[in-house]
Amino acid sequence: MDFQIPDDVRAVQERARDFVNTHCIPAEKRYDFSTGRMPEDVCRQLRAKAKELGLWTPHLPTELGGLGLDLIGTGLVFSELGRSPIAPYMCNCDAPDEGNMHLLHMAANAAQAERFLKPLVAGEIRSGFAMTEPPPGTGADPSLLRTNAVRDGDDFILNGHKWFCTGANGADFVIVMARVNDSFRRTTMFLVPTDSPGYQMVREVDVMGSHGPGGHCELLFKDVRVPADMVLGKVGEGFRLSQVRLGPARLTHCMRWVGLARRSMEIAREYARDRDAFGQKLSEHEGIQWMFAECATDIEMGLLLTLKAGWIIDQGLDSRHAISMAKLHVSETLCRAIDTAIQICGATGYSRDLPLELFYRDARAARLADGPSEVHKMVIGRGLMSGKQEF
Ligand SMILES: Cc1cc2nc3c(=O)[nH]c(=O)nc-3n(C[C@H](O)[C@H](O)[C@H](O)COP(=O)(O)OP(=O)(O)OC[C@H]3O[C@@H](n4cnc5c(N)ncnc54)[C@H](O)[C@@H]3O)c2cc1C
């Protein structure tokens, strides 16, 4: 096993680190707490800068304008970008567009790629991925999916109710998971332009963390006519394609979260080195050093789990067990690292003088979105009990 980072990946990593330190971290001060967003002018400037520095869509193959990195290289670069929560969007590699680009690259036909993928890669449009529904529809359990499409000539008529569709406000299209003719087995992904008659963005759900561009939206689909050529892949391929999308997308979340956990530790270290308590610096107290040691070990384990799962995907092997382990561990580590950093920084950590309180609120979603921790434990546990996975 070779842990040496190739020179070309290291060069991108360093560029990403420099972009984050020089441009993104200073710009975080412009975050608007009243809207939960970064101002548009800041986004425009930083996105232009990312393009100029060759950091735009780094995860994509070179023929699409990316850097042609494998998932290990992507992990190393994303974990640098993740140190600032705004950097991934500035490089057009944040959720949900990053996962949707990957999915479209794998599954879209030429006409779909031209219409949806090309402008998404260019950063001209945004997108959403609509799976989750209000109870009694699908949440953690996909078998509860209720949104339904019925064939009508050359079209499908789509009816359903979705929510927590990240980025949907202002998106040009959403990828919708729906049954076909009420058959779960025939679950399909549909590309739905948001100007389709019958599509309604009901509201941005008010959440405890950032809204990001486009919020987390509740959507209604009322007799939306979707032409058959807007089926992504084939009818009945919805769950196969959701694995194509969600597997790597869960890992790219982990990569960004490793970065944010590291940044939280860096902030706490700066405070601890400077702050006096009981005759010495905080950083000299063994109790504080143990806090750093435990978090740093968890973060390193998280990075290794993530890179290993990425390698398994790149080999085309069954990656579900490894992805669940990475998602479980990194999401829990992120919350623990930020919480520890706030503890070390005392009241300042709890205040908005530091970004930790925002990180803390944003991070809470990590243990819910893309599968709650309990569901990933279920996947890991079932694999072990069946004997398909070993300890
Ligand atoms: C910020 C954010 C962004 C999101 N973005 C998107 C998006 O873009 N598109 C999209 O489709 N969805 C999105 N989601 C939704 C997310 O994927 C769901 O929240 C998740 O799938 C869980 O569904 P649920 O919230 O309905 O929880 P429920 O299904 O109601 O589950 C509630 C809780 O029950 C527990 N639980 C569930 N199953 C088990 C089990 N087997 N064993 C033990 N405990 C269990 C877990 O603790 C779980 O948190 C987003 C969510 C958030 C918070």
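See the structure above.
Residues numbered from 1 in each chain as written. Predicted model: local features only at pLDDT ≥ 70, side-chain atom pairs only at ≥ 80, totals over all residues. Heavy atoms only, no water.

A.B. asks: Give me empty space enclosed by the protein: which residues, what numbers.
C.D. replies: Applying the stated rule across the entire model yields one cavity of 30 Å³ or more. By volume, the largest cavity is sized at about 40 Å³. Every residue along the wall of the largest cavity is listed here: Trp-257, Val-258, Ala-261, Asp-298, Ile-299, Gly-302, His-329, Val-330, Thr-333 and Leu-334. Among the secondary structure elements, those contributing two or more residues to the lining of the largest cavity are α7 (238-274), α8 (286-314) and α9 (320-350). With four residues, α9 is the largest single contributor of residues to the lining of the largest cavity. Considering only residue class, the lining of the largest cavity consists of six nonpolar, three polar and one charged. (1 Å grid on protein atoms, 1.4 Å probe; cavity = no way out; pocket = protein on both sides within 12 Å on 5 of 7 lines; lining within 4 Å. Points joined across faces, edges and corners; volume = space filled by probe spheres on them. Helix = DSSP H or I, 4+ residues; strand = E, 2+ residues; numbered from the N terminus. Nonpolar A, V, L, I, M, F, W, Y, C, P; charged D, E, K, R; others polar.)

A.B. asks: Residues and numbers for the site of the ligand, please.
C.D. replies: Contacts to the ligand come from 18 residues, most closely from Phe-129, Thr-132, Ala-140, Phe-164 and Thr-166. Here an oxygen atom of the ligand sits 2.9 Å away from a polar atom, N or O, in the main chain of Met-131. Between Asp-370 and the ligand, the recorded distance is 3.5 Å, taken from a backbone N or O atom to an oxygen atom. The two domains that each donate at least three residues to the shell around the ligand are domain 2 (127-232) and domain 3 (239-386). (Near = heavy atom within 4 Å. Polar contact = N/O pair within 3.5 Å; in protein donor to acceptor, adjacent residues only side chain to side chain. Domains from an automatic or database assignment.)

A.B. asks: Help me get a handle on the packing of aromatic side chains, residues and values and all.
C.D. replies: Each aromatic ring pair is summarised here by two numbers: the centre-to-centre distance and the angle between the ring planes. Scanning the entire structure with this criterion turns up six aromatic pairs. Considering the side-chain rings of Tyr-31 and Phe-33, the 4.9 Å spacing of their centres and the 80° angle between planes classify their relative orientation as edge-to-face. Assessed through its relative accessible area of 38%, Phe-33 is described here as partly exposed. Look at Tyr-199 and Phe-221: their rings are 5.5 Å apart centre to centre, the planes differ by 75°, and that puts the pair in the edge-to-face class. Linking Tyr-199 in strand β6 (residues 199-204) with Phe-221 in strand β7 (residues 216-227), this pair joins segments that are 22 residues apart in sequence. For Tyr-199, a relative accessible area of 12% corresponds to the buried category. A residue is classified by how much of its surface remains accessible, and Phe-221, at 2% relative accessible area, is buried. Sitting over the face of the ring of Trp-56, Lys-51 holds its NZ or CZ atom 4.4 Å from the ring centroid. Lying across the ring of Phe-129, Arg-245 places its NZ or CZ 4.3 Å from the centre. (Phe/Tyr/Trp six-rings, centres within 6.5 Å; stacked < 30°, edge-to-face > 60°. Buried < 20%, exposed > 50% of the residue type's maximum accessible area, 1.4 Å probe, protein only. Lys NZ or Arg CZ within 6 Å of the ring centre and 35° of its normal.)

A.B. asks: So what's going on with the pattern of salt bridges? Residues and values would help.
C.D. replies: Per the counting criterion, the structure on display carries 22 salt bridges. We note a salt bridge from Arg-263 to Glu-28, for which the minimum N-O separation is 2.8 Å. Placement of the pair is Arg-263 in helix α7 and Glu-28 in the loop between α1 (7-27) and α2 (40-52), with a sequence separation of 235 residues. Of the two residues, Arg-263 and Glu-28, neither departs from the other in class, the shared state being buried. For the salt bridge of Lys-162 with Glu-133, the shortest nitrogen-to-oxygen distance reads 3.2 Å. Residue Lys-162 is located in strand β3 (residues 155-166), and its partner Glu-133 is located in the loop between β1 (127-130) and β2 (148-152); the two are separated by 29 residues in the primary sequence. The exposure classification of Lys-162 matches that of Glu-133, with both residues buried. A cluster of three or more residues bridged by salt bridges with shared partners is formed by Arg-17, Glu-80, Arg-83 and Glu-266. (Salt bridge = Lys/Arg side-chain N within 4 Å of Asp/Glu carboxyl O.)

In short, the description is geometric, and any link to function would need to be established separately.
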